[in-house]
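# Analysis of the macromolecular model
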Amino acid sequence: MHQTEHSSRSERKRRDSFGMFDGYDSCSEDTSSSSSSEESEEEVAPLPSNLPIIKNNGQVYTYPDGKSGMATCEMCGMVGVRDAFYSKTKRFCSVSCSRSYSSNSKKASILARLQVTGKPPTKKAKVLQKQPLVAKLAAYAQYQATLQNQAKTKSVAVSVEGFSWGNYISSNSFIAAPVTCFKHAPMGTCWGDISENVRVEVPNTDCSLPTKVFWIAGIVKLAGYNALLRYEGFENDSGLDFWCNICGSDIHPVGWCAASGKPLVPPRTIQHKYTNWKAFLVKRLTGAKTLPPDFSQKVSESMQYPFKPCMRVEVVDKRHLCRTRVAVVESVIGGRLRLVYEESEDRTDDFWCHMHSPLIHHIGWSRSIGHRFKRSDITKKQDGHFDTPPHLFAKVKEVDQSGEWFKEGMKLEAIDPLNLSTICVATIRKVLADGFLMIGIDGSEAADGSDWFCYHATSPSIFPVGFCEINMIELTPPRGYTKLPFKWFDYLRETGSIAAPVKLFNKDVPNHGFRVGMKLEAVDLMEPRLICVATVTRIIHRLLRIHFDGWEEEYDQWVDCESPDLYPVGWCQLTGYQLQPPASQSSRESQSGSSKQKKKAKSQQYKGHKKMTTLQLKEELIDGEDYNFLQGASDQESNGSANFYIKQEP
């Protein structure tokens, strides 16, 4: 017996030398005995007799030979190849089961329970009666498999009706933006080396077993959080490939089953391919990569958010962009906040944005920088509501306003927050403290300035004069301006204005990783509660043109590459947020009317005739911090880094 234990330990050490292959080794009596005592009390049905299994270090393996004869362990109920069982009588699968059987009451036998009640055994049961009940085990397995298949049929019928990222990407050969492009998203900063060919342990759905079993799969293709997986052993056969969210609770690093005492069972379709699956796995997994052992913990930690319900914030007033109001956090989903304006009695007057959005600030922010603020009629905070700590909000880059700085009346180009598909001629209307600016769109401003919007001087949503021309973007001229094509030099001379100096704008262009054609999930900033299937169609330095699949280009939006309103493919599934699928022809026609009405309302508001009641703020625009043009850029001022800006005309 000592020789057996010694050889077993030696074999385990040899397997352990493969690193990530810990646990896929020969039987260790000590670990098999201890693992059974730590198992949960939930009821688990035994594996049927038509699958030979061997218990290895708390791990279950199955072999397809079946010709060696079957045996059932009278202690734990394990069904397996008879020759692999312990002792001459082959009554037990291990020494520990043999010892446990002799020291416990037969009345607690798992098989005894099956005989009396027909119920499946629990992991807590310790002893089996002597006579194996393979027939009952197999019958019960078949019954459970039938129920499982019925459940699968129902779930498939439901999912087919909805949108599937996997089918959408596979059928069109699309590519998705990698998770590393989204620093604000879960795992965005710690995604690591997760790529194609990484191996994971996942549920094995190609089997009729009554209990949940696992097998190893490799990543064939990555699309954001979603991965196309192929079970080991299928080689080039893609017949059973499947998509899943790599951050899901059923995805584990290789070695997790061994550590957790979960069964590894090869898919039924390929069970006949090998007689020694353990040797196959050793060969396939040697030198392979898997997920970090703490991957699930990192996922969980990255989905913890500091903002909580009942926190009070200052947020832009969606009906009057020029001012802020107090709102209360109603709910938090994946870092996105549903804010309800404090004066909303029925709690339906809400606004959605990300917790890192530049549209929200701590209580007292407006007063500190000189921004307009709508005072609440509520003089006393409601019970349970409390001010959000200032350190939780996104920090803006510090700027030096003591030297040459933006001034009122300077001209620039800016993304229109009421029509995010356009970049317009704009003017700095007011210079606030801490680098913030109030900006208006030329030709569309209300007389009272109620449609001015706030950007920070470092915002990626404002640009120097000439930015659109050098980057071949259509610049929207002031409404009513008839001297076309629009020329900045003529316009500045006619209006007696100066352009904001190029050097005051943010020229930083991060290595964001986006490419034209990449798929992602993006907030419709004109209706910020909606997150839609989208595509990157243009990239201008750090500026991205986002197209909503199935919709016309007029609904496209200019968004910064670091916007918190962009998410990887699979984000909605991971967080439980509802994803809006690509618009079909019928849905486009049914919604085009309301969309056109919104555009008309927008046009009327530009003239100051109508309030902004139908317009939802586009977080991305106001999301921008602020770019400002300073006094006249001279002929000597170059285009900036990488010809980011052009020189002014003489």
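Definitions and cut-offs
Residues numbered from 1 in each chain as written. Predicted model: local features only at pLDDT ≥ 70, side-chain atom pairs only at ≥ 80, totals over all residues. Heavy atoms only, no water. Helix = DSSP H or I, 4+ residues; strand = E, 2+ residues; numbered from the N terminus. Buried < 20%, exposed > 50% of the residue type's maximum accessible area, 1.4 Å probe, protein only. Contact = heavy atoms within 4.5 Å. Areas by Shrake-Rupley, 256 points an atom, 1.4 Å probe, with all protein chains shown as cover. Pairing = 2+ DSSP bridges. Polar contact = N/O pair within 3.5 Å; in protein donor to acceptor, adjacent residues only side chain to side chain. Axes fitted to C-alpha atoms, helices over the stretch in contact; angles between N-to-C directions. Arc of directions from axis to C-beta. pLDDT = per-residue confidence, 0-100. Salt bridge = Lys/Arg side-chain N within 4 Å of Asp/Glu carboxyl O. Phe/Tyr/Trp six-rings, centres within 6.5 Å; stacked < 30°, edge-to-face > 60°. Lys NZ or Arg CZ within 6 Å of the ring centre and 35° of its normal. Lys, Arg positive; Asp, Glu negative; His and termini not counted. Disulfide = S-S within 2.5 Å.

Looking only at helices and strands, the chain features 15 helices and 29 strands. Taking all 650 residues of the chain together, 53% fall into the buried category. Contacts spanning at least 24 positions in sequence make up 65% of the contacts within the chain whose residues lie at least 6 apart. When the accessible surface of the chain is summed, it comes to about 29500 Å², and 50% of that surface belongs to carbon and sulfur atoms.

Moving on, we come to the pairing of strand β21 (residues 453–456). Every other side chain in a regular strand lies on the same face of the sheet, so the side chains alternate between the two faces. What you see with β21 is no split at all: Phe453 and Tyr455 on one side and Cys454 and His456 on the other are buried throughout. Two elements, strand β20 (residues 436–441) and β21, share four bridges in a ladder whose sense is antiparallel. Along β21, the bridge assignment pairs Ile439 with Phe453.

This brings us to the side chain of Arg336. Looking at where Arg336 falls in the secondary structure, it is placed in strand β13 (residues 336–341). By relative accessible area, Arg336 is classed as buried at 0%. Within the structure, Arg336 has its side chain in polar contact with the backbone oxygen of Pro528 (distance 2.9 Å).

Time to look at the sheet that holds strand β6 (residues 199–203). In a beta sheet, neighbouring strands are held together by backbone hydrogen bonds and run either parallel or antiparallel to one another. With antiparallel pairing, five strands are arranged side by side in an open sheet as β9-β8-β7-β6-β10. Both outer strands of the open sheet, β9 (242–245) and β10 (252–253), are each paired with one neighbouring strand and no more. Summarising the sheet, β6 and β10 pair through two bridges and their orientation is antiparallel. Within β10, the position partnered with Val200 by the bridge is Pro253. The sheet contacts of helix α8 (residues 277–285) involve β6 and β7 (214–223), and relative to β7 the element is tilted by about 30°.

A few words on helix α6 (residues 165–172). Among the residues of α6, those classed as buried are Trp165, Gly166, Tyr168 and Ile169. Along the long axis of α6, the arc covered by the buried residues comes to 170°, so they all point the same way. Turned more than 90 degrees off the buried face of α6, the exposed positions are Asn167 and Ser171. Looking at the residues trailing α6, positive phi occurs at Ser173, about 55°.

Here we take up the confidence of the model for the chain. Fine structural detail should not be taken from predicted coordinates in areas where pLDDT scores are low. In the predicted model, the chain carries a mean pLDDT of 76, and 66% of its residues have values of at least 70. pLDDT under 50 marks residues 7–44. Its contacts with residues more than four places away, or in other chains, come to 81 contacts. Throughout residues 595–650 the model reports pLDDT below 50, and contacts reaching past four residues in sequence, or to other chains, amount to 233 contacts.

With that out of the way, let us pick up the pattern of salt bridges. Where charged atoms from two side chains of opposite charge come close, those side chains can pair. The full count for this structure, using the stated rule, is 26 salt bridges. Where Arg199 meets Glu232, a salt bridge forms, and the shortest distance between an N and an O atom there is 2.3 Å. Of the two residues, Arg199 is situated in strand β6 and Glu232 in the loop between β8 (226–231) and β9; the sequence distance between them amounts to 33 residues. Exposure class is identical for Arg199 and Glu232. Each is buried. In this structure, Glu232 engages Arg284 in a salt bridge whose closest nitrogen and oxygen atoms are separated by 2.8 Å. Separated by 52 residues along the polypeptide, Glu232 in the loop between β8 and β9 and Arg284 in helix α8 bring together distant segments of the chain. Judged by relative accessible area, Arg284 falls into the partly exposed class, the value being 32%. A network of salt bridges, in which partner residues are shared, links Asp317, Lys318, Arg319, Arg323, Arg325, Glu343, Asp349 and Lys374.

Here we take up the packing of aromatic side chains. On inspection of all chains with the given rule, the structure shows 29 aromatic pairs. Ring geometry for Phe163 versus Trp165: centroids 5.4 Å apart, planes at 75°, classification edge-to-face. Residue classification places Phe163 among the partly exposed positions, given a relative accessible area of 30%. Three or more aromatic residues joined by ring pairs form one cluster here, namely Phe163, Trp165, Tyr168 and Phe174. Taking the ring centre of Tyr341 as reference, the NZ or CZ of Arg325 above it sits at 4.1 Å. When the ring centre of Trp452 is taken as reference, the NZ or CZ atom of Arg372 above it lies at 5.9 Å.

Let's shift gears to unusual backbone geometry. The amide bond that connects Leu484 to the next residue, Pro485, takes the cis arrangement and shows omega of 0°. Positive phi, close to 60°, is recorded for Arg347, a residue that is not glycine. Among the structural elements, Arg347 can be located in the loop between β13 and β14 (350–354). Located in the positive-phi region is Met472, a residue other than glycine, with phi close to 55°.

This part covers the pairing of β6. Within β6, five of the five residues are buried, leaving the element largely enclosed by the surrounding structure. Here β6 runs beside β7; their pairing, made up of five bridges, is antiparallel. Across the sheet, residue Pro203 finds its bridge partner in β7, namely Phe214.

Let us look at the side chain of Asp416. Structurally, Asp416 can be placed in strand β18 (residues 411–416). Notably, Asp416 is buried but unbridged: the nearest opposite-charge side chain belongs to Arg479, and the N-O separation is 7.0 Å. At 2.9 Å, the side chain of Asp416 forms a polar contact with the backbone nitrogen of Leu418.

Tallying each qualifying case throughout the model produces zero disulfides. The thiol sulfur of Cys181 is not disulfide-bonded, and the nearest other cysteine sulfur, from Cys561, lies at 8.9 Å.

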